Amino acid sequence: MPNIPQHPIVLVDGSSYLFRAFHAMPPLTNSQGMPTGAIYGVVNMLKSLMLQFNPQQIGVIFDAKGKTFRDDMYPEYKANRPPMDPDLRCQIEPLHQIIAALGLPIYSVPGVEADDVIGTLSKQASSEGLFTVISTGDKDMAQLVDTNTVLINTMTDTIMDIDGVNEKFGVPPELIIDFLALKGDKVDNIPGVPGVGDKSAVGLLQGIGSINAIYQNLDDIAGLSFRGAKTMAKKMVEHEEQARMSYELATIKIDCELEFSLDDLTPKSQDNDTLVSLFTQYEMKRWLNDAKAGKPFFSSETVNHSSKNEETTAQPPTEQKAGKYKTITDQAEFNVWVEKLAQSSLICLDTETTSVNAMEAELVGLSFAVESGEAIYIPVAHDYPDAPDQLQRDNVLAALQPILSSPEIKKVGQNLKYDINVLANYNIELQGVVFDTMLSSYVLNSTATKHNMDSLSDFYLNHKTITFEEIAGKGAKQLTFNQIPLEQASPYAAEDADITLRLHQHLWPQLEAQQELSELAAQLEVPLVKVLAKVERNGVLVDSQQLGQQTQYLSSRVAEIQAEAHTLAGEVFNLGSTKQLQAILFEKMGLPVIKKTPKGAPSTGEEVLSELANDYELPRLIMEYRGLSKLISTYTDKLPHMINHRTGRIHTSYHQAVTATGRLSSSDPNLQNIPIRTDEGQKIRQAFIARPGYKIIAADYSQVELRIMAHLSGDEGLKHAFSNGIDVHSATASEIFGVSLDEVTSDHRRSAKAINFGLIYGMSAFGLAKQLNIPRHEAQNYMDLYFSRYPQVLHYMETARQFAEANGYVKTVRGRRLYLPDIKSRNGARKKAAERAAINAPMQGTAADIIKQAMIDMDTWIAQQANSDEILMIMQVHDELVFEVKESRVEETVEAIQSMMEGAGQLSVPLDVEVGIGENWQQAH
């Protein structure tokens, strides 16, 4: 880390800040739909920068509107960049106003870029012996680094001096321009020399020197050691003009004629009246309160509220002070803490282990907190060389077991499902779990932030935690926790417990203030934790031999597809290469370009290939190739390697706080994505089997989202169909096509089914026409007829949009709030997507709530049965629950499943559950 003197000059690349903040922040808006995420992000980065360096001189430099001298030199300069997003463009002017009102000097100079202004100022400062910190994420700026100038990347909090430039790029700052000129820059569309990449550019510069030196010593290139050196001289000669021009384009000007100087970079007093006006308009309520109170914005006394949704931060977080953390290795001190924990009404706990896979994890230590700011870490299995003596794991667990297993001592943690399963490896049942900060945050607002502890701490407490990578490293050389020295491991582990307790103290009062949400957390999400932990531990048996046969079959079909594709293309190519596929489809075969990537290349995404497949064979083959390849890599080839050596079963991980709507997801393996409508997907399900003497029972909610639509809309036609056991698709077909139920054909029903499901996902007439392959006006007529027969459905849709527009969220039947940040977006596509979500999210979310309740009820019923280990809940997939049950218990279990699942909703129409029984999942499904 370079030694930076106090109060350096700070030059901020405002344009770099702007783009990075826009793409890093969630799509926040005020109540009028004005995007505010980039404003929040930039202002927060400026605040952090001011607090870090306390500069006496600072300048925030933005690109000016219009062309620069580089556009005149090379019209294609930056031509690859897509047009600025309207949601970003409209934030620029208010951001400039806020920066100026904060008293920070802000500049943009026509005809040159922000880089050139910063380059000119930094070189002036350096020539006067003044130290400058340039804050940017732009690699081009590395050419400005010298003994008096460093770069800081505020996103990664890394500082780069001369040695840092050498380490990152392989060349010193004075050769960065040459480096960029040789390899080119796709972002700025600097062409460079074709065939020269990072390694060959470094090889040329390290072996010979600058571009001028290279052209004076072309004969020396062939003797260099990098790949392709022997033919490089020819490329350099052939593209000399392009290389020289690229050098000019990559060179940051350091001699701009500026109407201001370093002396003008002194911050002014903040304009509180203007800040109050701007913070009011853009609804930055926390900052508004500070401005009204006249507090200096760039002060550690004011709280940084980066990107917080005001709905989810009703109380300002308390200032985060350094915690008092202890490492417990002494028996007497441990005994004191055991007594302290036993006397506590609420304890926060966390486990440290050797693996993120709870079924394989070995306990390395435990951390506890009972008061904010104080925590302990009890190491039990650090085994690096010269590790200090630690308490014995078995003795520690024996002493803690009465506390951990006590339902009277309440527990709080972050993702406690993991800790439950880890402790279960040591025959300890963690009881008294009443709070989980991950779930508190998720219920409060599922879209506000990620729900891991580091993100929650940063978002809600304005506290940057010690990350695991900081103490363990990255990649293949990353240490497991038992290998980490105690002086690093202990603060990390103790902080986990302390910060989790602080998060609980911050989040739970906000949930308590909203009864529906606190009940959702306390009665549904937290009780589900132990149920999911049990389902994960139960695991599922798979037939690895059958999967191996599937791999052989699928691999053979993939090879056939490749051969067919090569024949159609007239040449051999890599079907998995996006670039090669683009060249074949759009350049060689001339297929229509339906959609482009953000960088302007023809898209080969699933949606595009699906549309092209209607008229062309090769895109259809590519889709089949991708689907089968994914089945091999994700399931048939991978699943046998995921069988736990101890249990002989596969143990997926369920996630409660990932999807926005409340649905569960799973990973390692992902059981939600096995295709159900293909023969290949069905055969994979055949490999999920029951042990001898047992059966698989699969229970699936029938048309649950349509039933929820009937409840939410109150439409009498839909309610009548569901309440009287009438097939709803046939009933819809009868209404739309004007025929009796007996006269409904399969084609009628297929069209009605598309309409029923399409409408709950917000499908337009255009989308329906495309799906049914009919004219748009005919599809519109179907929709008009539908809404005339089911008028309350249309009313529900309009009401849902209006509610979302007014409140920023919609709700499930149980009161789960589903926030829609884009509902007031000025970007039409985003707003339309949010409106569709406003209609569908309450149905998806309610369905999620219903099956979660069913899981809790079934788990309670199973626990009450004699020999309850003969009835295992082994999977949850979308609207389906899967069980492994002893043959003699099947009948009673089926009755219980239907009773519990059908009784789990709070709807005005009955729920219908279809139950199947078989030797494997496919038979049961």
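Keep in mind the model is a prediction, meaning the values are calculated, not measured. (Residues numbered from 1 in each chain as written. Predicted model: local features only at pLDDT ≥ 70, side-chain atom pairs only at ≥ 80, totals over all residues. Heavy atoms only, no water.)

Looking now at the overall build of the protein chain. Check the secondary structure of the protein chain and you find 36 helices and 22 strands. Here the C-alpha coordinates of the protein chain stretch approximately 85 × 80 × 65 Å along the principal axes. Looking at the protein chain as a whole, 53% of its 925 residues qualify as buried. Excluding contacts between residues fewer than 6 apart, the proportion of contacts in the protein chain whose partners are at least 24 apart in sequence is 68%. Total accessible area on the protein chain is roughly 41000 Å²; 48% of this is exposed by carbon and sulfur atoms. Put simply, the protein chain has 82 plus and 119 minus side-chain charges, and the middle of one group is 3 Å from the middle of the other. (Helix = DSSP H or I, 4+ residues; strand = E, 2+ residues; numbered from the N terminus. Buried < 20%, exposed > 50% of the residue type's maximum accessible area, 1.4 Å probe, protein only. Contact = heavy atoms within 4.5 Å. Areas by Shrake-Rupley, 256 points an atom, 1.4 Å probe, with all protein chains shown as cover. Lys, Arg positive; Asp, Glu negative; His and termini not counted. Charge placed at Lys NZ, Arg CZ, Asp CG, Glu CD.)

Moving on to unusual backbone geometry. Leaving glycine aside, a negative phi is the common case for residues, and trans is the common case for peptide bonds. Here D668 and P669 are connected by a cis peptide whose omega angle stands at 0°. By the secondary structure assignment, P669 is in the loop between β15 (665–667) and α26 (679–686). Residue N415 is not a glycine yet carries a positive backbone phi of 60°. One can find N415 in the loop between β11 (410–413) and α16 (416–424). By relative accessible area, N415 is classed as partly exposed at 27%. In this structure, N427 is a non-glycine residue whose phi angle is positive, near 60°. Here N427 lies in the loop between α16 and β12 (433–436). The class for N427 is exposed, based on a relative accessible area of 67%.

Counting 134 residues, the largest nonpolar core has F688, Y701, Y786, M855, M875 and F883 as its most contacted members. Considering every element that reaches this core, the biggest residue donor is helix α34 (residues 828–863), with 11 residues. Among residues more than four places away in sequence, those in contact with Y786 are L718, T732, I736, I755, N756, L759 and V793. Y74, M160, A229 and C256 belong to the second largest nonpolar core, which has 55 residues in total. (Core = buried A, V, L, I, M, F, W, Y, C linked by side-chain atoms within 4.5 Å.)

Along the chain, D255 falls in the loop between α11 (240–250) and α12 (272–281). The spacing of D255 and E333 is 78 residues in sequence and 66 Å in space, taken between C-alpha atoms.

For D87, the position within the fold is in helix α4 (residues 86–101). A polar contact is formed between the side chain of D87 and the side chain of R830, at a distance of 3.1 Å. (Polar contact = N/O pair within 3.5 Å; in protein donor to acceptor, adjacent residues only side chain to side chain.)

Let's shift gears to the sheet that holds strand β21 (residues 880–886). Ordered in space as β20-β21-β17-β22, the four strands form an open sheet in which the pairing is antiparallel. Bordering the open sheet on either side are β20 (871–877) and β22 (913–918), each of which pairs with just one other strand. Across the sheet, the mean angle separating the axes of adjacent strands is 20° when strand polarity is ignored. As judged from the seven bridges shared by strand β17 (residues 694–701) and β21, these two strands associate in the antiparallel manner. Bridged to K695 within β21 is V885. Contacts from α34 reach β17, β20 and β21, with the element oriented near 170° to β20. Along the sheet face, helix α35 (residues 890–902) touches β17, β20, β21 and β22 and points at about 20° away from the line of β17. (Pairing = 2+ DSSP bridges. Axes fitted to C-alpha atoms, helices over the stretch in contact; angles between N-to-C directions.)

This part covers the pattern of salt bridges. Enumeration according to the criterion identifies 38 salt bridges in this entry. One salt bridge in this structure joins K770 and E611, with 3.2 Å as the shortest N-O distance. Of this pair, K770 sits in helix α31 (residues 765–772) while E611 is found in helix α24 (residues 606–612), placing the two residues 159 residues apart along the sequence. Residue classification places K770 among the partly exposed residues on the basis of a relative accessible area of 45%. Residue classification places E611 among the partly exposed positions, given a relative accessible area of 31%. Its salt-bridge partner being K831, residue E805 comes within 2.9 Å of it at the nearest N-O pair. Residue E805 is located in helix α33 (residues 791–807), and its partner K831 is located in helix α34; the two are separated by 26 residues in the primary sequence. Judged by relative accessible area, K831 falls into the partly exposed class, the value being 22%. (Salt bridge = Lys/Arg side-chain N within 4 Å of Asp/Glu carboxyl O.)

This part takes up the pairing of β11. In the sheet, strand β8 (residues 346–353) pairs with β11 via three bridges, with the strands oriented parallel. Paired with C348 across the strands is V412, a residue of β11. Direction of pairing for β11 relative to β12: parallel, over a ladder of three bridges. Note on β12: the bridge partner recorded for V412 is F435.

The subject of this paragraph is the pairing of strand β9 (residues 363–371). Burial within β9 is extensive, with eight of its nine residues counted as buried. Of the strand pairs in this sheet, β8 and β9 are connected by six bridges, and their pairing is antiparallel. Counted as the bridge partner of C348 is A369 from β9. When β9 meets strand β10 (residues 374–379), the two strands line up antiparallel, connected through five bridges. The residue of β10 that forms the bridge with G365 is P379. The turn linking β9 back onto β10 is made up of two residues, and G373 within it adopts a positive phi angle of 90°.

With that settled, the discussion passes to the packing of aromatic side chains. Any two aromatic rings considered together are summarised by their centre-to-centre distance and by the angle between their planes. One pass over the structure, following the stated rule, counts 19 aromatic pairs. Seen in terms of ring centroids, F435 and W508 are 4.9 Å apart; in terms of plane orientation they differ by 65°. Their pairing is edge-to-face. Of this pair, F435 sits in strand β12 while W508 sits in helix α20 (residues 486–512); the two residues are 73 residues apart in sequence, bridging distant segments of the chain. We classify F435 as buried; its relative accessible area is 14%. The exposure class of W508 is buried, given its relative accessible area of 14%. Positioned above the aromatic ring of F297, the side-chain terminus of K47 is 4.6 Å from the ring centre. The lysine or arginine in question, K168, covers the ring of F169, its NZ or CZ lying 5.7 Å from the ring centre. (Phe/Tyr/Trp six-rings, centres within 6.5 Å; stacked < 30°, edge-to-face > 60°. Lys NZ or Arg CZ within 6 Å of the ring centre and 35° of its normal.)

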